[in-house]
Structures are given as structure tokens and as C-alpha cells.
Amino acid sequence: MDFFEEIWATISKNRSRSILTGFGVFWGMMMLLVLVGVGQSLTQGIMTNIEGFATNSCFIIPDRTRKAYKGLPKGRVWAIQNKDLPTIYNAAQHADKIASMCFGGKKDVRYGNWQENYNIIGVTPEYADILYIPLLYGREINDIDVQEKRKVCVIGNEVYHKLFPEGGDPTGKLVHVGSMQFRVVGVKLKSRAKVYFSGHPDQQVQ
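Residues numbered from 1 in each chain as written. Predicted model: local features only at pLDDT ≥ 70, side-chain atom pairs only at ≥ 80, totals over all residues. Heavy atoms only, no water.

**Regarding the overall build of the protein chain**
Right, on to step 1. Each helix and strand in the protein chain was counted, giving 6 helices and 7 strands.
Right, on to step 2. Start at the N end of the protein chain and walk to the C end: the helices and strands fall as α-α-α-β-β-α-β-α-β-α-β-β-β.
Right, on to step 3. Every one of the 206 residues in the protein chain was classed for burial, and the buried ones make up 23%.
Right, on to step 4. Put simply, 56% of the contacts in the protein chain that link residues at least 6 apart link residues at least 24 apart.
Right, on to step 5. Carbon and sulfur atoms form 59% of the exposed surface of the protein chain, whose accessible area is close to 14,600 Å². (Helix = DSSP H or I, 4+ residues; strand = E, 2+ residues; numbered from the N terminus. Buried < 20%, exposed > 50% of the residue type's maximum accessible area, 1.4 Å probe, protein only. Contact = heavy atoms within 4.5 Å. Areas by Shrake-Rupley, 256 points an atom, 1.4 Å probe, with all protein chains shown as cover.)

Below is the structure:
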């Protein structure tokens, strides 16, 4: 009891110092809570922006050459071709997944009386693991599609709602992409990702 009486007496004699000390402790704890809250909100925001995207991925994109080579001038334009893929695979043996992408630009995509201009990309099956978006209908592109050179596609959520406003499962139906026809094998759910390539995933035909 004498211990608490001594504390009270000390506080009573030094009210200003006691108030300032208490306020300092309160302010420090409040700032800690605010910083923790801001940090968690920032982390959640970043994770939402890259949702479904492999954060440890890298992309190899060809550019103009900067040096002359065997009589060829610098500034040449070159492209990675399918025949180059085995070399890349062998050189990157520690990579979990290696996917190929071919940017086709924007083309008219049409089904029935509905038509819109969307981004077209050619991908290998592994691409779905690097930028993962769940499916609303159907399946992803698979190895058999690639081996047999099937004209099949997976469409983004916006593409689906534009071409098939009546809803329902569109898998198996043929859509015109430019001058060619492709059979729909899958439909993506609406993407929340803010990190992507060749346009928003909702506006892509793969």
C-alpha cells in the first residue's frame, strides 16, 4: 500500500511531467497502431493489384540489336521463334514454368451480330500458371491443342459478355477472329489484377 501511495504522491507533486509522460506514451502507441494499419493496407493493396500474377517471374522480349555481328549492321529487328524455345528451356532449367507468348495486336472478334476489337495473344499452356485467372466455363489451352495445332481459344470476361450477352456456356461455339474461326474452349472470370501484358485479361482472346 505504501508503494502505491508513494507513486501517487510523486505524480501529484509533478503533474506537468506526469501528464507529458502519459501523453508521450499514448502518442507513441497511437502512431504505432496507425503505421501498422497503413502498412497492412498497403500490403493488401499491392497483393490485390498482382493477384494471380507470379511475382517471381521475368519476361524476355526481343529488341533491336545494338552491335554489328558478322557483317550484319546494328539496329536489326529480330524475333524469338519456336525453334529457339528448346535453347531457352535448356538454359533456364531452374525455372518452374516457361511460357511463350505471341502478340497478335488488336483484331475484330465476332460472333453472330456482335463484334468488337480485342487484343489477341498466342500462348502455351504454361501461361495460365504465370498469370492465373480462374475459369467461369471450360478449360485452359492444353498441350494437345498445341501439338495438333487446334484453332481453339480462351476468351476474357469482357469478351464473353460482349459476344454472348444472353449468357450461358459458350464453349464449343465458333467465333471469328479477324479472317479465321476459333472454337471457344474456356471463359475467364473477371480479373482483379492490375499487372498484365498485351492489354487487360478481360479484353483478351488467347
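From this point, the narrative continues.
**As for the packing of aromatic side chains**
Right, on to step 1. Applying the stated criterion across every chain, the model contains 3 aromatic pairs.
Right, on to step 2. Taken together, Tyr111, Tyr137, Tyr160 and Phe164 form an aromatic cluster joined through their ring pairs. (Phe/Tyr/Trp six-rings, centres within 6.5 Å; stacked < 30°, edge-to-face > 60°.)

**Brief notes about unusual backbone geometry**
Right, on to step 1. A positive phi angle, near 55 degrees, is found at Lys149, a position not held by glycine.
Right, on to step 2. By secondary structure assignment, the location of Lys149 is in the loop between helix H5 (143-147) and strand E4 (152-155).

**A closer look at the pairing of strand E5 (residues 174-177)**
Right, on to step 1. Along E5, the buried face is formed by Val175 and Val177; none of Leu174 and His176, which line the opposite face, is buried.
Right, on to step 2. In terms of strand pairing, strand E1 (residues 101-111) meets E5 through 2 bridges, oriented antiparallel. Across the sheet, residue Val109 finds its bridge partner in E5, namely Val177.
Right, on to step 3. Strand direction decides the pairing type here: E5 and strand E6 (residues 180-188), joined by 4 bridges, are antiparallel. Note that in E6 the partner of His176 across the bridge is Gln181.
Right, on to step 4. Here E5 folds back onto E6 in antiparallel fashion, the turn holding 2 residues, of which Gly178 has a positive phi close to 65 degrees. (Pairing = 2+ DSSP bridges.)

**Observations regarding the side chain of Gln206**
Right, on to step 1. Here Gln206 shows up in the segment after strand E7 (204-205).
Right, on to step 2. Within the structure, Gln206 has its side chain in polar contact with the side chain of Gln204 (distance 3.3 Å).
Right, on to step 3. Setting aside its immediate chain neighbours within four residues, Gln206 contacts Ile121, Val123, Tyr127, Ile141, Val152, Cys153, Val154 and Lys188. (Polar contact = N/O pair within 3.5 Å; in protein donor to acceptor, adjacent residues only side chain to side chain.)

**What to know about the nonpolar core**
Right, on to step 1. Of all hydrophobic cores here, the largest spans 14 residues; its most connected members are Ile155, Val175 and Val205.
Right, on to step 2. Secondary structure elements with two or more residues in this core: strand E2 (114-123), E4, helix H6 (157-163), E5 and E6.
Right, on to step 3. By residue number, the principal contributor to this core is H6, which donates 3 residues.
Right, on to step 4. Setting aside anything within four residues of it in sequence, one finds Val205 in contact with Val109, Asn119, Ile120, Ile121, Cys153, Val154, Ile155, Val159 and Val177. (Core = buried A, V, L, I, M, F, W, Y, C linked by side-chain atoms within 4.5 Å.)

**Here's the deal with a nonpolar patch on the surface**
Right, on to step 1. Together, Phe26, Trp27 and Met31 give the surface a local cluster of nonpolar side chains, amounting to about 310 Å² of exposed area.
Right, on to step 2. Mapping Met31 onto the fold places it in helix H2 (residues 15-49). (Patch = residues over 30% accessible without salt bridge, like charges linked within 9 Å, V, L, I, M, F, W, Y side chains within 5 Å. Salt bridge = Lys/Arg side-chain N within 4 Å of Asp/Glu carboxyl O.)

**Let's talk about the side chain of Asp145**
Right, on to step 1. Along the chain, Asp145 falls in helix H5.
Right, on to step 2. Beyond its immediate chain neighbours, meaning those up to four positions away, Asp145 contacts Arg139, Glu140, Arg150 and Val152.

**A few points about the environment of Asp129**
Right, on to step 1. Relative to the helices and strands, Asp129 is located in helix H4 (residues 127-130).
Right, on to step 2. Judged by relative accessible area, Asp129 falls into the partly exposed class, the value being 44%.
Right, on to step 3. Sequence separation between Asp129 and Ile98 is 31 residues, and the spatial gap between their C-alpha atoms is 9.6 Å.

**Some thoughts on the pattern of salt bridges**
Right, on to step 1. Evaluated as defined, the whole model comprises 6 salt bridges.
Right, on to step 2. One salt bridge in this structure joins Glu116 and Lys162, with 3.7 Å as the shortest N-O distance. Within this pair, whereas Glu116 is found in strand E2, its partner Lys162 is found in helix H6, the two being separated by 46 residues in sequence.
Right, on to step 3. Residue class for Glu116 comes out partly exposed when judged on its relative accessible area of 32%.
Right, on to step 4. A salt bridge links Glu140 to Lys188, with the shortest nitrogen-to-oxygen separation between them at 2.6 Å. With Glu140 in the loop between strand E3 (135-138) and H5 and Lys188 in strand E6, this pair connects stretches of sequence that are 48 residues apart.
Right, on to step 5. What makes Glu140 buried here is its relative accessible area of 18%.
Right, on to step 6. A cluster of three or more residues bridged by salt bridges with shared partners is formed by Arg139, Asp145, Glu148 and Arg150.

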